[in-house]
Structures are given as C-alpha cells and as structure tokens.
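Chains, contacts and geometry: an overview
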Amino acid sequence: MTDHPPIAASSPQPVRLPQSLWREAFELVRTIGLALLAAVAIQTVLFQPFTIPSSSMEPGLVTGDYIVVRKFAYGWSRASLPFHPPVGSGRLFGRDPARGDVVVFRLPRDPQQTWVKRVIGLPGDRVQVLGGTVLVNGRALPQRAEGLTQDHDSPLRTVLQVRETQPDGRTWVTYDGGPGQPGDDTGEYLVPAGQYFMMGDNRDNSLDSRWPRELGVGLLPAENIVGKAELVVASWKPGAALWKPWTWLNLQPGRFFKRVL
C-alpha cells in the first residue's frame, strides 16, 4: 500500500463585502445621522411638539392635546435646548410675550418639567384677583358668563364658562368652578423686570403664579420660556400612549388643527 502525503487543510479566507455594500452602509448611517441632527435643530430652533398632560388650560387646551410650539417667538435660552443644560443665563434675541399669549415654559422649581399657562402680567404690571375677577394695573379684565357646561376632562364637574377679554380685544373662554375657591382672592403682585405672571384658564384647577414657586409656578423668569403654543394638531383620549399601538386611533373628535387662542 502506497503512503500518500497528508493533504494540507486550507485556511479559511476572510469574507470580504463588496466595496459597493460598504458605501451603501456608510450612506445609510450618514443619512440617518443627518436626519437626527436636522430633527434636533428644528426642535431646538424652530418648532417643537408637546402633549398636554393636565386640565389646567381647559377649555382651550385639554388633556391629550398634541400641540406645536413656536420656539423662536420670544428668542432662545437654555430652556430651548434639550435637557436644559447649564450653558448660561439670559435670552438670545429675547422678546416679551404679549398679554394673553399661551406659553410653554420650564417649571422654575424643576426645569425638567414643561408646563403651559397664559401670560396675564408683564414686567412692571400689578396683578390681583378679587372674587374670581382678574385685575391688571387696577383695571378688571371684562368678563361675560356664557352658561354652564361639564368639565371636558371631569364630566361630573359642572363649571361656568366665562369669556375674558383683554383691552386690545383678544378674548378666550375660562372655566369658573364657583365662588369662594382657593385663588379667587389674592393680594396684589408686582411683577419684577424679566418675569411674568401666569394663570391657567381653568381658574379653579390651576397651580399658577397665584401660588408660590414651592407649590405652583410663582413668578416666571423669562429665561424659562420655551415658546408660544400655536396649534393643536390632534388629540388623544386618556390612556392612549405611543407604546400602546392599539390606542393610536383613540382620538378626540373635533380637536384637529385648532389654533391656540
């Protein structure tokens, strides 16, 4: 029997992807990265969506509303940036909100929370609430009762719809839960420079500038402002969530593309 020399085992050759596949993978990663950067830039500089988490701005804004905020309306501060980084104070190209604007802001005692209220008092204003009527610089904002209704988020609660009007003619509807409620009668607040007096439209269900910072908003520093609420794009019923696909169609009818007044 003839002995044959052993056959050497061939070593495995590395699998090489075609150069075109590497280019495609690189282009895909670059495209995704640029899209993410563009999204962050748009949300930082131009517009950002928020979901309304509470009833304090009823009836104009209700729980579940998905709103768009115009971030360049009043200039930019660190409140405009994701996660509120410690990058200095003040506002770039800062402009004052107008009385009556609905503003999204970072809560002074916890900047990781974003709240929404209406601007009632500007720097230098004197603001007081007497018997549920708001006075600015000694003059009452005209009010007109528009009948009883059920609270949108709490249907067992009956409230009075009250139309409130600014001297410049801007008007909106508030909810009044009845006389003698906490916050219906306050002292007079002098709004310092660089701060604002904020109130929710659901007047008896809003922790706002009528309450100190430890409980409500207190006086709002300008640098905490995120932007102006402009539009309700859509609205979801309570219980709907992004991680619950079966709830995505639980929409609240009649609340699509509504301008925030």
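Everything below is about the structure shown above.
Here we summarise the structure given alongside this text. (Residues numbered from 1 in each chain as written. Predicted model: local features only at pLDDT ≥ 70, side-chain atom pairs only at ≥ 80, totals over all residues. Heavy atoms only, no water.)

1. Some details on the pairing of strand 2 (residues 65-70)
Which entries qualify depends on this criterion: Categorising residues by exposure relies on relative accessible area from a 1.4 Å probe, with only protein chains included: less than 20% of the type maximum marks a residue as buried, more than 50% marks it as exposed, and the intermediate range marks it as partly exposed. Secondary structure follows DSSP: runs of H or I at least 4 residues long count as helices, runs of E at least 2 residues long count as strands, and numbering of each begins at the N terminus. Being paired, for any two strands, means DSSP has found at least two bridges between them.
Here strand 2 shows one buried face, formed by Asp65, Ile67 and Val69, and one open face, formed by Tyr66, Val68 and Arg70. Pairing geometry for strand 1 (residues 47-51) and strand 2, over 5 bridges, is antiparallel. The partner of Thr51 across the bridge, within strand 2, is Tyr66. The pairing of strand 2 with strand 14 (residues 225-235) spans 6 bridges and is antiparallel. Bridging from a neighbouring strand, Asp65 pairs with Ser235 of strand 14.

2. Brief notes about the environment of Val232
Rules: Whether two residues touch is decided by their heavy atoms; if any such pair falls within 4.5 Å, the residues are in contact.
When you line up the elements, Val232 lands in strand 14. For Val232, a relative accessible area of 1% puts it in the buried group. In sequence terms Val232 and Val69 are 163 residues apart; their C-alpha atoms lie 9.4 Å from each other. With near-sequence residues (within four places) excluded, Val232 lies in contact with Leu61, Asp65, Tyr66, Ile67, Arg255, Phe256, Phe257, Lys258 and Val260.

3. A word on the pattern of salt bridges
Where we set the bar: Whenever a carboxyl oxygen of Asp or Glu lies within 4 Å of a side-chain nitrogen of Lys or Arg, that contact is scored as a salt bridge.
For the structure shown, the criterion picks out 12 salt bridges. When the shortest N-O distance is used, the salt bridge between Glu164 and Arg203 registers 2.8 Å. Of this pair, Glu164 sits in strand 9 (residues 158-165) while Arg203 is found in the loop between strand 12 (195-199) and strand 13 (220-221), placing the two residues 39 residues apart along the sequence. When its relative accessible area of 6% is taken as the criterion, Arg203 is described as buried. Among the ionic contacts, a cluster of salt bridges with common partners joins Asp101, Arg170 and Lys228.

4. Remarks on the sheet that holds strand 7 (residues 139-140)
Pairing between the strands of a sheet comes from backbone hydrogen bonds, and it takes one of two forms, parallel or antiparallel. With antiparallel pairing, 4 strands are arranged side by side in an open sheet as 7-6-5-11. Sheet topology places strand 7 and strand 11 (189-190) at the edges, where each strand pairs with a single neighbour. Here strand 5 (residues 126-130) pairs with strand 6 (residues 133-136) via 4 bridges, running antiparallel. Each residue of the ladder has a partner; that of Val127, found in strand 6, is Val136.

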